[in-house]
Amino acid sequence: MTGPRATPRARTRGGRWDRGRATAVVGTASVLAVAAAAAVGVVLPASGAAGPALLVVAGVLGLPHGAVDHLAMGWSRPVEPGAPGIDPGWIGTAGARPALLLGYALLAAGVAWAALVLTVPAVLVLLVLSCAHFAEGELAFARLRGEPGSGAAAAALGTAVIAGPLLLRPDAVRPVLDALDPGLAPVLEVVRTPVLLVTGLLVLAGVLSSVRRRCHRQLVELAVVVVAGLVAPPLLVFAAWFGAWHAPRHLVRLLDLEPDGGTWTRVTRLGRAAVLPTGAALAALGALVVVGGSVPASVLVVLLALTVPHAAVVARLGRTGRSRPATSS
Ligand SMILES: CC1=C(/C=C/C(C)=C/C=C/C(C)=C/C=O)C(C)(C)CCC1
Ligand SMILES: [Fe+2]
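Residues numbered from 1 in each chain as written. Chains lettered and ligands numbered in written order. Predicted model: local features only at pLDDT ≥ 70, side-chain atom pairs only at ≥ 80, totals over all residues. Heavy atoms only, no water.

A. Quick peek at the coordination of the iron ion (ligand 2). Within the protein, the atoms that donate to the iron ion (ligand 2) are H65 (NE2), H133 (NE2), H246 (NE2) and H310 (NE2), at distances of 2.1 to 2.2 Å. All donors of the iron ion (ligand 2) belong to a single chain; written as a sequence motif, their spacing is H-x67-H-x112-H-x63-H. Here the residue H65 occupies a position in helix α2 (residues 51-67), and H246 occupies one in helix α10 (residues 234-257), the gap between them amounting to 181 residues. Residues H65 and H246 agree in their burial class; the two are buried. (Donors = N, O, S within 2.8 Å, 3.2 Å for Na, K, Ca; no water. Helix = DSSP H or I, 4+ residues; strand = E, 2+ residues; numbered from the N terminus. Buried < 20%, exposed > 50% of the residue type's maximum accessible area, 1.4 Å probe, protein only.)

B. Geometry of the nonpolar core. Judged by nonpolar contacts, the single largest core of 54 residues is most densely connected at V34, F134, I162, L166, L177, W241 and W245. Apart from residues no more than four positions distant in its own chain, W241 is found in contact with V34, F134, E138, L157, V161, V225 and H246. Grouped together as the second largest cluster of nonpolar side chains are 21 residues, A67, A96, V252 and L270 included. (Core = buried A, V, L, I, M, F, W, Y, C linked by side-chain atoms within 4.5 Å. Contact = heavy atoms within 4.5 Å.)

C. Focus on the packing of aromatic side chains. All told, the structure shown has 5 aromatic pairs when counted by the stated rule. Between F134 and F242, the aromatic rings sit 6.4 Å apart at their centres with planes inclined by 55 degrees, giving tilted as the arrangement. Of this pair, F134 sits in helix α5 (residues 119-144) while F242 sits in helix α10, and the two are 108 residues apart along the sequence. We classify F242 as buried; its relative accessible area is 6%. (Phe/Tyr/Trp six-rings, centres within 6.5 Å; stacked < 30°, edge-to-face > 60°.)

D. View of the site of ligand 1. Taken together, 16 residues are adjacent to ligand 1, and H65, H133, H246, T307 and H310 come closest. One of the side-chain N or O atoms of H65 is found 3.1 Å from an oxygen atom in ligand 1. For ligand 1, whose free accessible area comes to 540 Å², the fraction covered by protein is 99%. Listed by contribution, the elements that provide at least two residues to the shell around ligand 1 are α5, α6 (151-167), α10 and α12 (295-320). Of the residues that constitute the shell around ligand 1, the class distribution is 10 nonpolar, 6 polar and no charged. (Near = heavy atom within 4 Å. Polar contact = N/O pair within 3.5 Å; in protein donor to acceptor, adjacent residues only side chain to side chain. Areas by Shrake-Rupley, 256 points an atom, 1.4 Å probe, with all protein chains shown as cover. Nonpolar A, V, L, I, M, F, W, Y, C, P; charged D, E, K, R; others polar.)

E. Seen up close, the packing of helix α1 (residues 19-43) against helix α9 (residues 216-231). Between α1 and α9, the shortest axis-to-axis distance is 10 Å and the interhelical angle comes to 20 degrees. For the element pair α1 / α9, the angle class is roughly parallel. Read as a crossing pair, α1 and α9 show a hand that is left-handed. Facing V31, V34, A35, A38 and V42 of α1, the residues of α9 in contact are E221, V224, A228 and V231. For the contact of α1 with α9, the per-class residue count stands at 8 nonpolar, no polar and 1 charged. (Axes fitted to C-alpha atoms, helices over the stretch in contact; angles between N-to-C directions. Parallel < 35°, antiparallel > 145°, perpendicular 65-115°, else oblique. Left-handed = near helix turned anticlockwise from the far one by under 90°.)

F. Fine view of the environment of S298. Looking at where S298 falls in the secondary structure, it is placed in helix α12. When the C-alpha positions of S298 and G286 are compared, they lie 8.4 Å apart, and in sequence the two are 12 residues distant. Leaving out residues up to four positions away in the same chain, S298 has contacts with L285, L288, V289 and G293.

G. Seen up close, helix α4 (residues 97-117). Over its 21 residues, α4 runs 30 Å from end to end, which matches the ideal 30 Å to within 8%, given 1.5 Å per residue. All of the buried residues in α4 are L100, Y104, A108, V111, A112 and A115. For α4, the arc enclosing every buried residue in end-on projection is 105 degrees, short of the 170-degree limit, so these residues lie on one face. Exposed side of α4, more than 90 degrees from the buried face: P98, L102, L106 and W113 are the residues found there. (Expected span 1.5 Å × (residues − 1). Arc of directions from axis to C-beta.)

See the structure below:
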């Protein structure tokens, strides 16, 4: 089998990798999933009671999108001479991988420890980092589908998707927050009004920017996330967004960065690589639950702890990832 780069129209196992199709299908499905979750939440307000359970399901389903970070570190290397991107040097070599994995795990463990003993400041910092990570993912996905991308709309979406669920209906998230640390809810109450105000201003800037830059899909997506946050149970919206929007969009970005292969080859390569790290994260989650954490709170600790090395790897992807026109390769 010759790589699609050498023979762009060649059919490969599982079908030719088609970036335009993948971004269109996953982009549309993710918006529909969040809109549907919000609609269910509005029609059946009692579904909000399933929020913590859905958060657990979405968190576990979302784990594999970070579990392939160890492969992604090497993919930032330009595969063609003269292709855009920087040579990662040592980081891109196979020999570096064990050290990078160890560093990744140690960093995540250190953050988890901080989140357990210094919960309030650690969670506040991690929430801000999460907004930035979610925003980066949105901008990258918009560019992947061939749009200029609005950074302001991406920042607004990344912020709104956390600030909305966390601050608009504090009573609904209170049990999960209290399970993390009873000191969190009072601090969030203090910052509630200013943070919601800043989020509102970001949304306004995001709307203006996406209209001006003709990023109509980002405009619709921002509207869906903001309206869902305003009308539907918070944990339901966040769970749908994380499991059915952020994680699959990131996976499409990784599938596109893979060096070669048709769709099936790429999907199985990611799937195989995700097995062990996902198992390790689930084992850490199990250990946290055994030592007495609530299941939703332990899922959040694991997710937030992994966010630090994950966001670092992903930010690097953004700096070095190849940029190509939005046609199938
Ligand atoms: C603490 C907390 C929340 C925030 C969770 C976040 C922000 C998770 C971020 C995960 C990331 C960034 C994973 C990597 O891709 C909720 C669910 C809004 C409400 C309940 C308490
Ligand atoms: Fe992520």
